[in-house]
Amino acid sequence: MIDLPEPKRPLPPPQAYDATQPLIVFDGVCVFCSGFVRMVVRFDRGRRFRFATAQSPFGEALFRTHGLATDSYDTSLTLIDGKAFTQLDGFIAVMAELGWPWRAAKVLLALPRPLRDWFYGRIAKNRYALFGRTDSCEIPSPELRERLIG
């Protein structure tokens with residue numbers, strides 16, 4: 001008897017959301033990443049941001065579309081006005097969208113990209129050890145649930 005390969009589940013198209021709203025695709029089992037999302041929900045007064053976990057079919061499709069690995073989720077993906085941001089640049093873009101005083105994070109752009117990427121990489125590689133990991137994506141709050149995609 002021959003084992004047939006498992007059929008691949010169809011992935012939703014990456015543009016299945018309103019692209020006029022910023023979107024953050026994050027590691028849903030990472031305590032640090034989920035905490036960042038909760039912070040954005042709290043301070044996003046205009047309720048503009050939408051969210052997707054990288055583990056969802058939609059998030060995975062977006063990671064693939066933007067050439068990101070789908071086995072470790074060592075970065076988040078932020079889409080704002082049709083532009084994709086990853087690593088520390090994604091964090092800075094999100095902070096800038098939240099307005100003052102969060103916009104002050106743009107000062108981090110003065111750091112050379114290799115230094116920004118190195119700094120982000122150290123935290124990303126050690127985020128589970130430093131902050132913890134859940135066995136599955138946590139149950140979102142009602143405020144976050146209505147802004148989740150996928």
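Residues numbered from 1 in each chain as written. Predicted model: local features only at pLDDT ≥ 70, side-chain atom pairs only at ≥ 80, totals over all residues. Heavy atoms only, no water.

As a further point, take the overall build of the protein chain. Scanning the protein chain for helices and strands turns up 5 helices and 4 strands. Going from N to C terminus, the protein chain has its helices and strands arranged as β-α-β-α-β-β-α-α-α. Each of the 150 residues in the protein chain was classed as buried or not, and the buried ones make up 40%. Summarising the internal contacts of the protein chain: among those between residues at least 6 apart in sequence, 67% fall at separations of at least 24. When the accessible surface of the protein chain is split by element, carbon and sulfur atoms take 60% of a total near 9100 Å². (Helix = DSSP H or I, 4+ residues; strand = E, 2+ residues; numbered from the N terminus. Buried < 20%, exposed > 50% of the residue type's maximum accessible area, 1.4 Å probe, protein only. Contact = heavy atoms within 4.5 Å. Areas by Shrake-Rupley, 256 points an atom, 1.4 Å probe, with all protein chains shown as cover.)

Covered by surrounding structure in strand β1 (residues 23–26) are Leu23 and Val25 together with Ile24 and Phe26, the residues of both alternating faces. With helix α1 (residues 31–43) bridging β1 and the parallel strand β2 (residues 50–53), this β-α-β connection has right-handed handedness. With 3 bridges joining them, β1 and strand β3 (residues 77–80) adopt antiparallel strand pairing. Note on β3: the bridge partner recorded for Ile24 is Thr78. (Right-handed = clockwise from strand over helix to strand, strands pointing away. Pairing = 2+ DSSP bridges.)

We now examine the pattern of salt bridges. Two side chains with opposite charge may pair up if their charged atoms get near one another. Applying the stated criterion across every chain, the model contains 9 salt bridges. For Arg127, the salt bridge goes to Asp27, with nearest N and O atoms at 2.8 Å. Residue Arg127 is located in helix α4 (residues 113–131), and its partner Asp27 is located in the loop between β1 and α1; the two are separated by 100 residues in the primary sequence. Per residue, the accessibility class of Arg127 equals that of Asp27, and both read buried. (Salt bridge = Lys/Arg side-chain N within 4 Å of Asp/Glu carboxyl O.)

Before going further, it helps to spend a moment on unusual backbone geometry. Glycine aside, the phi torsion of most residues is negative, and most peptide linkages are trans. A cis amide bond links Trp100 with the next residue in sequence, Pro101, at an omega value of 5°. Structurally, Pro101 is set in the loop between α3 (87–98) and α4.

Right, let's talk about a nonpolar patch on the surface for a bit. Together, Val31, Phe32, Leu130 and Phe131 give the surface a local cluster of nonpolar side chains, amounting to about 350 Å² of exposed area. When contributions to the nonpolar patch are tallied by element, the ones reaching two or more residues are α1 and α4. Here Phe32 shows up in helix α1. (Patch = residues over 30% accessible without salt bridge, like charges linked within 9 Å, V, L, I, M, F, W, Y side chains within 5 Å.)

Considering soluble globular proteins, one finds that nonpolar side chains tend to be buried as a cluster. With 15 residues, the main nonpolar core has Ile24, Val40, Phe49, Phe51, Val94 and Leu98 as its most contacted residues. Breaking this core down by element, the ones donating at least two residues are β1, α1 and α3. Per-element accounting of this core gives the leading share, 5 residues, to α1. Ignoring anything within four residues of it in the chain, the contact list for Leu98 reads Met39, Val40, Phe43, Asp44 and Phe49. (Core = buried A, V, L, I, M, F, W, Y, C linked by side-chain atoms within 4.5 Å.)

A few words now on the packing of α1 against α3. Running from N to C, α1 and α3 point in directions that differ by 20°, and their axes come no closer than 10 Å. Viewed along their axes, α1 and α3 adopt a mutual orientation that is roughly parallel. Crossing angle aside, the handedness with which α1 passes α3 is left-handed. Every residue of α3 that contacts α1 at Phe36, Met39, Val40 and Phe43 is listed here: Phe91, Val94, Met95 and Leu98. (Axes fitted to C-alpha atoms, helices over the stretch in contact; angles between N-to-C directions. Parallel < 35°, antiparallel > 145°, perpendicular 65-115°, else oblique. Left-handed = near helix turned anticlockwise from the far one by under 90°.)

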